[in-house]
Every structure is written in structure tokens, then in C-alpha cells.
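Structural overview for review
The lines below spell out each chain.
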Amino acid sequence: MSESTNTPKSEAKKKLQIEPWMFWPPLILLILFSAFVINDPVKGNALMKKGFDFLAGPLGWSYGWFFLIVMGILVYLIFGKYGSMRFGGEKPEFSTFTWLVMLFTAATGGALLYWGTIEYFYYVSAPPFGVEPFSLKAQEWASSYGLFHWGFITNSLYALTAVLFGYFIFVKKMDIFRPSAACHAVLGDRVDGWLGKVIDIFYIIALVAGVGTSIGLATPLAGHLIAKYFHLEYNLTMDIVLIIIWSVIIAIAVYTGLQKGIKYMGLARIWLSFIVIGVVLLVGPASFMLNNFTDGIGTILQNFGKMALYTDPLKTTGFPQAWTIFYYAWYLTYAIYMGIYYARISRGRTVREVCLGCVGAASFGAWMFFAVIGNYATDIFNKGIVPVVDIMNNVGDSAAIVEVWSTLPWPAVTLFIFLALAFVSTVTLLNGGAYTCAMATMKNMRSDEEPAGWTKIFWSLAIGAVTLALMIAGGLKPLQMFVVCSSFPMMIVAAMIIISFFKESKKGWGDGHSWGEKHYWETENS
């Protein structure tokens, strides 16, 4: 799909123009929201809570059913006639091993470091289904719920959106940077009018919410690591400085042509993730880690439907709203972003390969953090070495996480590795989020073009501002509420894209490749 780079000057200027309706409304809304929350955190929290209570309460049931339906569609794609269909007529762009590693590490980062270590303790101290806190049953549920939230049901949405956008990008030959373009079979020419603009604006706001939540969790963690490593006192100013530093790094990369540096950080993130898992597995209680992980998977298999659809209308403990629905919402805010990424690295793959690869590799990648780092923290807590829950309640989650990691051998080395992983993960995430927003807000973009550098800086600053606002408002709870409030429109958009896919694909795969027909290299190898 590459085109000549010898474009006229007028066309070169054109590709640097923003789409005003896509750029200014979401940017202004996000800036106003950030200013409102920073100016009056109490009122900001109250406003978000109203939206959260309505969407996670009366409409909470819709999230569970949506994700179960997504899983059902994925099963149909795997075992039905679509399974053998291929995205594009070329051989796969990446080897199977490289492709699986890219999928495996796609979800790794600062937020996974955070939740992989601490999530168990939220569940064991306030378990679901009315279970007694810290009881054996509470421990069983706590060991399984993190795996559930980062497992097959949520990653099914990423896999499905990868199939949808893989079809539109490689089969329909569309340059897609906004979700409205994929809704044409449902909405017709209205995607070019105000309705399409509304869809795309919701997409950008949801993506900023998702990325902002990830950064909002990773930033205090990096701050506490720095404070611990350099014997400093942690405070909010440190978080503000970190976000400014990350934005400055992106700005320097854009204007000095050092974008390769960001790519190298992405590669470093992959290797650091493997190093972290390997080191903790090597020095930790490997037998306990693997056994508790296995028990957690067994609990999920026994109770999958109960966990997926749990809304707790009788006891009203708030557990599913605060956790399962929050995770559903968080994955929804990332769905299109991740779907497009997964699709673009899956050229030449079959639908079946994409479905199984995305769900399997992405889930396994997240599970390794919970199995190794999470169970290391659980073991440390059970042995009374670190009072994790007390530190969480009195100081904060990030402080508790750092204290857990400080018990590893050679803390000067291991804490530095954790800090490096948290740092590069956050820079690459912020860069990816800003890049995607910039692409979506440019006029007449092609896949072989780059958005204007200043728009990336604008969006990195906007994401940083939203993150700071939510951190000032109270951290975790405001982050959860903002994600849920931003996610519901994306559920509707995702449903329209799914319908559009089936309406378009039933006409044929569109690349001259009939149902069940093999490509030439498949015939040669058989």
C-alpha cells in the first residue's frame, strides 16, 4: 500500500493540516475537564461519581453481556468459515515467533507491574460474593480474579477488533485511523457528517482516559521507586516532574529526529519484562508461584460465568462495579487502539491465527506477571515479611509495591530494573497514545505518512494534564470512574463496527481469495 513519496508541495502541506472538528473539540473538552477537576477536586469527583454510579449500576449488566457476546463471536470466527481467511495476499510480515512475542509483550508495562503486584490484596481484604476477608476462600478468589480480569474474556475484545480492522485495512484496502470509517456499512454516508465526528471524538476521549489511567498508575509507582532508590521523600511534585519529563522526551524525539530512540525504548521494554519475570521466578518460591497460579486458573474454569456476569444486586458490596466492570471499561477504551495495532502487525495471518494468537499470547503475557510477581508478593505477605495491606491503607499502593520489591535479593540492582521498566513503559505508552490521537486528528492521512510533530506534543501534554487532574482528585478511584464514564460510547461504536464487518464480509473476502481457497505458498508447502 506504499505510495510514491514524490508528492507536490501543496500535497505535502496538506498532510500537515489538522481536522479542526477532530482536533479542537476533544482537546478543549479534556483541558476544561482537567482545569475543573484541579480547581475543585471535590466537585470533580462528585460529577464523575454520578456518571460512574449510573453506568456501572443500572447499566452494569450490559458490560458483562457485551464481553460474553464478543467471546461467542470470536469462537464462531475461529471454527467457522472465516477461520482460514487471510489478511492480505502476502506471506506474514513477521515470523510466528516474533509475532507472538509482540503480542505477548503488548500489554506489559507500568500498569501491569502495578496491578500484577497489588491487585491480590484488594481482593483478599474486600473479597466478592460476601466472603470473609482474609479467609481461605477470599485467598482463592483473590488469586483468580486478577487472572480473570487480564485473561481470555477481556483480550477477546482486542482479538475481535484486530480481526475487524485487519479486514478493513488489508482486505478492503482502507487507511483507517478513526473508528467512524469502519461504521460505513451501518451508518452509510452519515459517517462523513456530524455523527461520524461524534464517534471519533468519543474515541479520542476514551483513548485519553485509558492511557491516562495507565500513566496515572505508573507515575506514582515510578516516583516511589525513585524516592526509595535515591533516599528521597516522595510527594506529588515528583509525579508532576515525571510527567513533564516524559512529555519533554517525546517533544525532543519529535523535533530532533530521534524517534528511533522511542523504538529502542520499546525493545528495551520487551527485554526488561522478560528479565523482571525471570529474576523473580529464579529467586522466589517457584513452586508456590506455579501452584497458586494453577489453582487460580482452576477457579476461573469452575466459575467463569459467575465471574463474567456478576453484578451483585442483592448484597451491593460494589465489588463488580469497582473491579470487573472497571476492567471491562478500561479494555473498551483501548479496544480500537489495540485492535488497529494488532491488525497492522498481523498482515498475512489468517483470522484463526489472529484470534488464537491475540487471546493466547496477550493473556499469557499478563498472567506471567500475576503468576510470578503477584504470587511473590502474596508469599511475602503470608510469611509476615511485609505488611502489605497496612502499608496500602496508611501510605498507599505504590509504597506497598516498592516495599515488596525491596525484599528481592540485590535490591540496588532489582529496584533499578523495575524503575527502568516502569520508565520506558510509560514513555512508550504516552508516545503511542499521543501518536494515535495525532493520526486521528489529521486531515486526509495515509498509512505511509506521519502526523505533524506539534500535534503529538499537544496530545502528550493533554494526556498528561488529564492524568495529573485525576491524580490530584484522589488517584485510583477517580481514574476508575473516568474510565467507566468514557467507555460506554465505545461499546456502542464497537457493536456498530462488528455489524459493519459482517455486512461487508458476507459479500466475499474481496481480494480474489475465495472461501477456503489456499494461497500459492500454502499449496507449495502442503
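Look a little higher up for the structure.
Residues numbered from 1 in each chain as written. Predicted model: local features only at pLDDT ≥ 70, side-chain atom pairs only at ≥ 80, totals over all residues. Heavy atoms only, no water.

**Brief notes about the overall build of the protein**
Counted only if it meets this: Strands here are runs of E lasting at least two residues and helices are runs of H or I lasting at least four, both read from the DSSP assignment and numbered beginning at the N terminus. Every radius of gyration here is taken over C-alpha atoms, with the globule rule written as 2.2 Å times N^0.38, N being the number of residues. For every residue, the accessible area (1.4 Å probe, protein chains only) is compared with the maximum for its type, and the residue is labelled buried under 20%, exposed over 50%, or partly exposed between those bounds. Accessible areas in this description were obtained via Shrake-Rupley with a 1.4 Å probe; residue shielding takes into account the shown protein chains only. Here Asp and Glu are counted as negative and Lys and Arg as positive; His is not counted, and neither are the chain ends. Charge coordinates come from a single atom per side chain, which is NZ of Lys, CZ of Arg, CG of Asp or CD of Glu.
Within the protein, the secondary structure is distributed over 22 helices and zero strands. Computed over C-alpha atoms, the radius of gyration of the protein comes to 23 Å, within 12% of the 24 Å expected from 2.2 N^0.38 for 526 residues, which places it in the range of a compact globule. Taking all 526 residues of the protein together, the buried fraction comes to 58%. Summed over its atoms, the accessible surface of the protein is roughly 21,500 Å², and 66% of this surface lies on carbon and sulfur atoms. Mean positive and mean negative side-chain charge positions of the protein (35 and 31 charges, respectively) differ by 6 Å.

**Some thoughts on a nonpolar patch on the surface**
Quick reminder of the rule: Exposure above 30% relative accessible area and the absence of a salt bridge qualify a residue for a patch, where like charges join within 9 Å and nonpolar side chains (Val, Leu, Ile, Met, Phe, Trp, Tyr) within 5 Å. Salt bridge, as applied in this entry: a Lys or Arg side-chain nitrogen positioned within 4 Å of an Asp or Glu carboxyl oxygen.
Together, Trp24, Ile28, Leu32, Trp454 and Phe458 give the surface a local cluster of nonpolar side chains, amounting to about 470 Å² of exposed area. Counting only elements with at least two residues in the nonpolar patch, the list comes to helix H2 (20–39) and helix H20 (453–472). The element contributing the most residues to the nonpolar patch is H2, with three residues. Take Ile28: it is sitting in helix H2. By relative accessible area, which is 43% here, Ile28 ends up partly exposed.

**Comments concerning the nonpolar core**
Across soluble globular proteins, you tend to see nonpolar side chains buried next to one another. Note the following rule: Here, the term nonpolar core denotes a set of buried Ala, Val, Leu, Ile, Met, Phe, Trp, Tyr and Cys residues that are joined through side-chain atoms within 4.5 Å.
In this structure, Trp115, Trp330, Trp405 and Trp459 are the most contacted members of the largest nonpolar core, which totals 191 residues. The element that contributes the greatest number of residues to this core is helix H16 (residues 351–382), accounting for 18 residues.

**Quick word on the environment of Gly464**
By secondary structure assignment, the location of Gly464 is in helix H20. Of the residues examined, Gly464 reaches a relative accessible area of 6% and is grouped as buried.

**Section: helix H21 (residues 476–505)**
So the rule is basically this: By this rule, a helix spans an expected 1.5 Å times one less than how many residues it contains. Fitting axes to the seven residues ending at a residue and to the seven starting there, one defines the bend at that residue as the angle between these axes.
For H21, with 30 residues, the first-to-last C-alpha span of 41 Å sits near the 44 Å given by 1.5 Å per residue. Residue Ser487 marks the point of greatest curvature in H21, where the axis turns by about 30°; the proline Pro489 follows within four residues. Across the 30 residues of H21, 22 count as buried, placing the element largely inside the fold.

**A few points about unusual backbone geometry**
Look at Phe129: it is not a glycine, yet its phi comes out positive at around 60°. Inspection of the secondary structure puts Phe129 in the loop between helix H6 (110–125) and helix H7 (136–149). Of note in this structure, Phe134 is not a glycine but carries a positive phi near 65°. Within the secondary structure, Phe134 sits in the loop between H6 and H7. Given the relative accessible area of 41%, Phe134 is considered partly exposed.

**Observations concerning helix H18 (residues 397–405)**
Just so we agree on the cut-off: In this analysis, two residues are considered to be in contact whenever any of their non-hydrogen atoms come within 4.5 Å of each other.
Across the nine residues of H18, eight count as buried, placing the element largely inside the fold. If you check which residues of H18 are buried, you get Asp397, Ser398, Ala399, Ala400, Ile401, Val402, Val404 and Trp405. Considering only its buried residues, H18 is in contact with H6, helix H10 (194–229), H16, helix H17 (388–394), helix H19 (411–440) and H21.

**Regarding the packing of aromatic side chains**
Aromatic rings in a pair are described by how distant their centres are and how their planes are angled relative to each other. What counts is decided by this rule: Only Phe, Tyr and Trp rings are paired, with Trp represented by its six-membered ring, and only when their centres lie within 6.5 Å; those with planes under 30 degrees apart are stacked, over 60 edge-to-face, the remainder tilted. A positively charged side chain is recorded as over a ring if its NZ (Lys) or CZ (Arg) lies within 6 Å of the ring centre. The angle to the ring normal must also be within 35 degrees.
All chains considered together, the criterion is met by 55 aromatic pairs. For the ring pair Phe104 and Phe364, a centre distance of 6.0 Å and an interplane angle of 50° mean the geometry is tilted. You can see Phe104 sitting in helix H5 (residues 96–106) and its partner Phe364 sitting in helix H16, a full 260 residues away along the chain. We classify Phe104 as buried; its relative accessible area is 13%. With centroids separated by 5.7 Å and ring planes inclined at 65°, the aromatic side chains of Phe148 and Phe304 adopt a geometry described as edge-to-face. Of the two residues, Phe148 sits in helix H7 while Phe304 sits in helix H13 (residues 286–309), which places them 156 residues apart along the sequence. Judged by relative accessible area, which is 2%, Phe148 ranks as buried. The ring of Trp99 is capped by Arg349, whose NZ or CZ atom sits 4.6 Å from the centre of that ring.

**Description of the packing of H10 against helix H15 (residues 324–344)**
Put simply, the test is: Think of each axis as a best-fit line through the C-alpha atoms, taken over the contacting stretch in the case of a helix, with angles from 0 to 180 degrees between the N-to-C directions. Angle categories are assigned with fixed cut-offs, so that under 35 degrees is roughly parallel, over 145 is roughly antiparallel, 65 to 115 is roughly perpendicular, and the rest are oblique. Crossings are classed by handedness, with left-handed meaning an anticlockwise turn of the near helix from the far one by less than a right angle and right-handed meaning a clockwise turn. Three residue categories are used. Nonpolar comprises Ala, Val, Leu, Ile, Met, Phe, Trp, Tyr, Cys and Pro, charged comprises Asp, Glu, Lys and Arg, and polar comprises the others, including Gly.
Close contact between H10 and H15 brings their axes to 8 Å; oriented N to C, the two are set at 120°. Comparing their axes, H15 and H10 come out oblique. In the crossing of H10 with H15, the sense of the turn from one axis to the other is left-handed. Only Phe326, Trp330, Thr333, Tyr334, Ile336 and Tyr337 of H15 make contact with H10, whose side of the interface consists of Tyr203, Ala206, Leu207, Gly210, Val211, Thr213, Ser214 and Leu217. Partitioning the contact of H10 with H15 into residue classes produces ten nonpolar, four polar and no charged.

**Focus: the pattern of salt bridges**
Across all of its chains, the model carries eight salt bridges by this definition. Sharing partners across several salt bridges, the network here consists of Lys172, Glu504 and Lys507.

**Some details on the packing of H13 against H16**
H16 packs onto H13 with a crossing angle of 115° between their chain directions and a minimal axis gap of 9 Å. It follows that H13 is roughly perpendicular to H16 by the angle criterion. Judged by the twist between their axes, the crossing of H13 over H16 is right-handed. Contacts from Phe288, Met289, Asn292, Phe293 and Ile297 in H13 reach Trp367, Met368, Ala371, Val372, Asn375, Tyr376, Thr378, Asp379 and Asn382 in H16. Taken together, the residues that form the contact of H13 with H16 break down as nine nonpolar, four polar and one charged.

**Section: the side chain of Ser486**
We count it as follows: Counting of polar contacts relies on pairs of N or O atoms within 3.5 Å, with two restrictions inside protein: one atom must be capable of donating a hydrogen and the other of accepting it, and residues adjacent in sequence are counted only when both atoms are side-chain atoms.
Locating Ser486 in the fold gives a position in helix H21. Using a relative accessible area of 8% as the deciding quantity, one classes Ser486 as buried. Within the local environment of Ser486, its side chain forms a polar contact with the backbone oxygen of Phe482, the two atoms lying 2.8 Å apart. Those residues within four positions of Ser486 in sequence are excluded, and the remaining contacts are Ile205, Ala206 and Ala209.

**Notes on the side chain of Ser346**
Looking at the secondary structure, you find Ser346 in the loop between H15 and H16. Under the relative-accessibility criterion, Ser346 is labelled buried at 1%. Within the local environment of Ser346, its side chain forms a polar contact with the backbone oxygen of Tyr342, the two atoms lying 2.6 Å apart. When sequence neighbours within four positions are dropped, the list of residues in contact with Ser346 reads Phe87, Trp99 and Val354.

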